[in-house]
Amino acid sequence: MKISNCKLQIANLTAGTPHSALRTSHSSRGFTYIALLVAIIIIGISLGAAGKYWQNVMMREKEEELLFRGGQYRLAIERYFLARPPFQYPPSIDELLKDSRFPQTKRHLRQKYKDPITNEDFEVFRDQMKGNRIIGVYSKSEKEPLRTSGFDESNKDFEGKKAYKEWQFIFTQQTVTRR
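What counts and how
Residues numbered from 1 in each chain as written. Predicted model: local features only at pLDDT ≥ 70, side-chain atom pairs only at ≥ 80, totals over all residues. Heavy atoms only, no water. Helix = DSSP H or I, 4+ residues; strand = E, 2+ residues; numbered from the N terminus. Buried < 20%, exposed > 50% of the residue type's maximum accessible area, 1.4 Å probe, protein only. Areas by Shrake-Rupley, 256 points an atom, 1.4 Å probe, with all protein chains shown as cover. Pairing = 2+ DSSP bridges. Patch = residues over 30% accessible without salt bridge, like charges linked within 9 Å, V, L, I, M, F, W, Y side chains within 5 Å. Salt bridge = Lys/Arg side-chain N within 4 Å of Asp/Glu carboxyl O. Phe/Tyr/Trp six-rings, centres within 6.5 Å; stacked < 30°, edge-to-face > 60°. Lys NZ or Arg CZ within 6 Å of the ring centre and 35° of its normal. Axes fitted to C-alpha atoms, helices over the stretch in contact; angles between N-to-C directions.

A.B. asks: Looking at this structure, how should I read the overall build of the protein?
C.D. replies: In terms of helices and strands, the protein carries four helices and three strands. Taking all 179 residues of the protein together, 27% fall into the buried category. For the protein, the computed accessible surface area is about 12500 Å², with 58% contributed by carbon and sulfur atoms.

A.B. asks: Got a minute to help me understand the pairing of strand β1 (residues 123–127) in this structure?
C.D. replies: Side-chain positions along a regular strand alternate between the two faces of the sheet. Pairing of β1 with strand β2 (residues 133–138), which is carried by five bridges, proceeds in the antiparallel orientation. Among the inter-strand pairings, Asp127 is bridged to a residue of β2, identified as Arg133. Between β1 and β2, which pair antiparallel one after the other, the connecting turn spans five residues, and Gly131 there sits at a positive phi close to 80°.

A.B. asks: Teacher, can you tell me more about the pairing of β2 here?
C.D. replies: Relative to strand β3 (residues 168–170), β2 runs antiparallel, the two being bridged by three bridges. Residue Tyr138 lies in a different strand from β3, and its bridge partner there is Gln168.

A.B. asks: For this particular structure, what's the right way to read a nonpolar patch on the surface?
C.D. replies: Taken together, Tyr33, Ile34, Leu36, Leu37, Val38, Ile40 and Ile42 make up a surface patch of nonpolar side chains, about 690 Å² in accessible area. With respect to the secondary-structure elements, Ile40 resides in helix α2 (residues 19–83).

A.B. asks: What should I look at first to understand the packing of aromatic side chains in this one?
C.D. replies: Pairs of aromatic rings are described using the distance from one ring centre to the other and the angle between the two planes. According to the stated counting rule, one finds 14 aromatic pairs in the structure shown. An aromatic cluster is present here, built from Phe151, Phe158, Tyr164, Trp167 and Phe169 joined pairwise through their rings. Over the ring of Tyr80 we find Arg101; its NZ or CZ atom is 3.7 Å from the centre of that ring. Residue placement shows Arg147 over the ring face of Phe151; its charged tip is 4.7 Å from the ring centre.

A.B. asks: Would you mind showing me how to read the sheet that holds β3 here?
C.D. replies: Neighbouring strands of a sheet are bound in pairs by backbone hydrogen bonds; such pairs are parallel or else antiparallel. Spatial strand order, β1-β2-β3: three strands in an open sheet with antiparallel pairing. This sheet does not close on itself; its edge strands, each paired only once, are β1 and β3. Each strand axis lies, on average, 35° off the axis of its neighbour in the sheet, ignoring direction.

Have a look at this one:
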């Protein structure tokens, strides 16, 4: 008796289930697949936008670092120039690290800095009129800067420049009198 009751219950379950209900579960699989593809596309677009945002954030940080490092070189050249008469510009970057004009170690620059945009050494700007001595540094990068205005007084010449290589951190005697 028990077996026949089970058979009857199974028969009632399958007889009570219409075939359209079975088809609905198959067609819902296709809808789920499309919904999953749409979700993946939306996530991909969102990640692309986030990546672009972070790329801009990183570039702005590199610009700030370029302004800091270039400013350090300009300041070191100024210190070297004003440290001892007769006033002269340094012959090399190494001379900024250890000024040979003094018996004790005198440092105008703590370390050699790399250009944060190219991750290479800065290019030096030499003045032929001053004995081919270093008067400044600049980046080799041809990239267009994100920042084109709002510079402080020491970097006001950078406004409107179209490439980082145009940001030249130069010390001249006029720079001292301009302050």
